[in-house]
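Analysis of the macromolecular model
Spelled out from the first residue to the last, the chains are:
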Amino acid sequence: MGFAARPPKVQRRFTSPAVEEEITRVSAMIADPKLRAMFAACYPNTLDTTVELGLVDGRVDAFVITGDIPCMWLRDSSAQLLSYIHLVRKDAHLATLFRGAIARQARSVLLDPYANAFMRDATAKTNLPWALEDQTQMKTGVAERKWEVDSLCWPMRLAYRYWQASGDTAPFDNIWVSAQQAIVRTFREQQRKDGRGPYSFRRTSDRPTETLGLDGYGAPTRPVGLIHSGFRPSDDACIYPFLIPSNHFAVTTLREMALVAEGAAGNAALAADARALADEVAAALAKWGTMRLPDGRQVWAYEVDGFGNAVFMDDANVPSLLGLAYTGCVTADDPLWQATAAACWSDANPYFFKGSAIEGIGGPHVGLGQVWPMSLIVRAMSSSDPAVIAPLLRQLRDTDAGTGFMHEAVDSNNPAQFTRSWFAWANGLFGEMIVGLADRLPAVLANPL
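Now for a quick tour of the structure. Small disclaimer: the values here were computed from a predicted structure and weren't measured. (Residues numbered from 1 in each chain as written. Predicted model: local features only at pLDDT ≥ 70, side-chain atom pairs only at ≥ 80, totals over all residues. Heavy atoms only, no water.)

1. Re the packing of aromatic side chains
Describing an aromatic ring pair means giving the distance of the ring centres and the angle of the ring planes. Selection criterion: Aromatic rings from Phe, Tyr and Trp, taking only the six-membered ring of Trp, are treated as a pair when their centres fall within 6.5 Å; an angle between ring planes under 30 degrees marks them as stacked, one over 60 as edge-to-face, and anything in between as tilted. Helix numbering and strand numbering both begin at the N terminus, where a helix is a DSSP run of H or I of at least 4 residues and a strand a DSSP run of E of at least 2. Only protein chains enter the accessibility calculation, which uses a 1.4 Å probe. A residue is then buried if its area is under 20% of the maximum for its type, exposed if over 50%, and partly exposed in between.
According to the stated counting rule, one finds 13 aromatic pairs in the structure shown. Between Phe-98 and Tyr-162, the ring centres sit 5.8 Å apart and the planes meet at 15°, which makes this aromatic pair stacked. With a gap of 64 residues between them, Phe-98 in helix α5 (residues 92–111) and Tyr-162 in helix α6 (residues 149–166) connect regions that are remote in the sequence. Taken as a pair, Phe-98 and Tyr-162 share a single burial class, namely buried. A centroid spacing of 6.3 Å and a plane angle of 55° characterise the contact between Trp-147 and Phe-187, whose relative ring orientation is tilted. Linking Trp-147 in the loop between β5 (142–144) and α6 with Phe-187 in helix α7 (residues 174–189), this pair joins segments that are 40 residues apart in sequence. Of the two residues, Trp-147 and Phe-187, neither departs from the other in class, the shared state being buried. Each residue in the set Tyr-114, Trp-147, Phe-187 and Tyr-199 is aromatic and connected to the rest through ring pairs, giving one cluster.

Below, the structure written as structure tokens:
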């Protein structure tokens, strides 16, 4: 069986000389031939297959689809591009792509800060079959309107990392500032200190994870300063609306956005407002965000409601409890996070699956026994122990079902059964992991698997 191949050059949507050089540099460091081929195919997958570059009102615009769904998720598009962020100073064309994505995301947030996914044409109605009859305030240009805290965090992360890597202040104009103000306002609305707020969502489905109860507002909470999320990064409904990993990510990215507001946009008022909200949510996390497992271990909860109820689990999609170090919300040596991560990667987590082919974290989105390769990637990126990382690389290499690409989920006992053969976020995350290992633990790649 041959190794996976990229699309022919004439069919690639975007080409970056810096990315091509990075593929050559890192590939030369990978001893395993299949892993090397998978990296060379996965790492550029976002550029090869998902980018649509154009102009809007005379300014650069970038629309980045998630893969087999031709819409742009704020979360996915940010995460897909971040694996290239360290190369923007080497490639002006690549920097243009980032400027276009930041501008597109700002306009999308202003269109509807409660939406998670958007159409290429801002005047078009959704064409997603499952969203056509949703009971919520749908607007043209919106593909899906599931309120997810992390959907507003990821654009803040992308903007901060771009500014940090490039020093370029051009994207941070009045439109960007207005979008950040809308993010802060929406987060405050979803603290729900003064009523339920303007957002509700109901969907007719045979899957309860696709809709919100209690007239579309979700389970009741006590207003304690945390931000409500209707849905998780997996697009599944929350059990308890205070989703702890996403609240952590909000704290971290609000503080990052404040740095950009000050340093690039010259807006001290926005920076102060963002920091004040971040401090408030951080204090609420410290008070309400932890729980004890039956064996007495203290861990971060996955979801809480402010009444004292909590659920422990983890879902592979980032932000997750396992991914708190990867997203920069905690340090990798933080004892509370280490205890939490260990519990996530164990039978304490009802969505941890261990089969004959692969072990890792899944979630209710696809079903029981289905491992998301993303969870193995995040674990590898959060570890500095070759004895932990090498087995993860072997499992990722050996569960691609001969495609050479990452999938959304694979059956833990039969990886030939998988979902989504074109899932650019997972491909990019795999590439990001390999690049990171090349720089911090090259011996892991140089040694045979």
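Moving on, there is more to tell.
2. Concerning the side chain of Thr-66
Quick note on the threshold: Counted as a polar contact is a pair of N or O atoms within 3.5 Å, where, for protein atoms, one must be capable of donating a hydrogen and the other of accepting one, and residues adjacent in sequence contribute only when both atoms are in side chains. Should any heavy atoms of two residues lie within 4.5 Å, those residues are considered in contact.
Note on placement: Thr-66 falls in the loop between β2 (59–64) and β3 (72–73). Judged by its relative accessible area of 2%, Thr-66 is buried. A polar side-chain atom of Thr-66 sits 2.8 Å from a polar atom in the side chain of Asp-76. Apart from residues no more than four positions distant in its own chain, Thr-66 is found in contact with Cys-71, Trp-73, Asp-76, Gln-80, Arg-420, Trp-422, Phe-423 and Ala-424.

3. A closer look at the environment of Ala-31
Here Ala-31 shows up in the loop between α1 (17–27) and α2 (33–42). Apart from the residues lying within four places of it in its own chain, the contact partners of Ala-31 are Arg-36, Leu-445, Ala-446 and Asn-447.

4. Details of the nonpolar core
Put simply, the rule reads: The nonpolar core is taken to be a set of buried Ala, Val, Leu, Ile, Met, Phe, Trp, Tyr and Cys residues, with the residues joined through side-chain atoms within 4.5 Å.
Of all hydrophobic cores here, the largest spans 140 residues; its most connected members are Phe-187, Phe-430, Met-433 and Ile-434. For Met-433, the contacting residues outside a window of four places in its chain are Ile-377, Ala-380, Met-381, Leu-393 and Leu-396. In this structure, Ile-69, Trp-73, Ala-117 and Ala-124 belong to the second largest nonpolar core, which totals nine residues.

5. Examining the sheet that holds strand β15 (residues 418–419)
Here is the rule: Any two strands between which DSSP finds at least two bridges are classified as paired.
Strand order in the open sheet formed by three strands is β13-β14-β15, and the pairing between neighbours is antiparallel. Strands at the two margins of the open sheet, each flanked by one partner only, are β13 (370–371) and β15. When β13 meets strand β14 (residues 409–411), the two strands line up antiparallel, connected through two bridges. Directly across from Val-371, in β14, lies its bridge partner Val-410.

6. Thoughts on the sheet that holds strand β10 (residues 310–311)
Read from one edge to the other, the open sheet built from three strands follows the order β6-β9-β10, with strand pairing classed as antiparallel. Looking at which strands have only one partner, the edges of the open sheet turn out to be β6 (242–243) and β10.

7. What to know about α5
For the record, the criterion: A helix is expected to reach a length of 1.5 Å times the quantity of its residues less one.
The terminal C-alpha atoms of α5, which comprises 20 residues, lie 29 Å apart, in line with the 28 Å expected from a rise of 1.5 Å per residue. Every buried residue of α5 is listed here: Leu-94, Ala-95, Leu-97, Phe-98, Gly-100, Ala-101, Ile-102, Arg-104, Gln-105, Ala-106, Ser-108 and Val-109. Between a side-chain oxygen at the N-terminus of α5 and the backbone nitrogen of His-93 the separation is 3.0 Å; the capping residue is Asp-91.

8. Some details on the packing of α6 against helix α9 (residues 244–263)
Keep this limit in mind: The angle between two axes is taken between their N-to-C directions and runs from 0 to 180 degrees, where each axis is a line fitted to C-alpha atoms and a helix contributes only its stretch in contact. Here the word oblique covers every angle except those under 35 degrees (roughly parallel), over 145 (roughly antiparallel) and from 65 to 115 (roughly perpendicular). Each crossing gets its hand from how the near helix is turned against the far one by less than a right angle, where anticlockwise is left-handed and clockwise is right-handed. Here the term charged refers only to Asp, Glu, Lys and Arg, the term nonpolar to Ala, Val, Leu, Ile, Met, Phe, Trp, Tyr, Cys and Pro, and the term polar to all other amino acids, Gly among them.
Where α6 meets α9, the closest approach of the two axes is 8 Å, and the angle between their N-to-C directions is 40°. When the axes of α6 and α9 are compared, the pair comes out oblique. In the packing of α6 onto α9, the handedness of the crossing is left-handed. The segment α6 lies against α9, with Val-149, Asp-150, Cys-153, Trp-154, Met-156, Arg-157, Ala-159, Tyr-160 and Trp-163 engaging Ser-246, Phe-249, Ala-250, Thr-252, Thr-253, Leu-254, Glu-256, Met-257, Leu-259, Val-260 and Gly-263. For the contact of α6 with α9, the residue count by class is 13 nonpolar, four polar and three charged.

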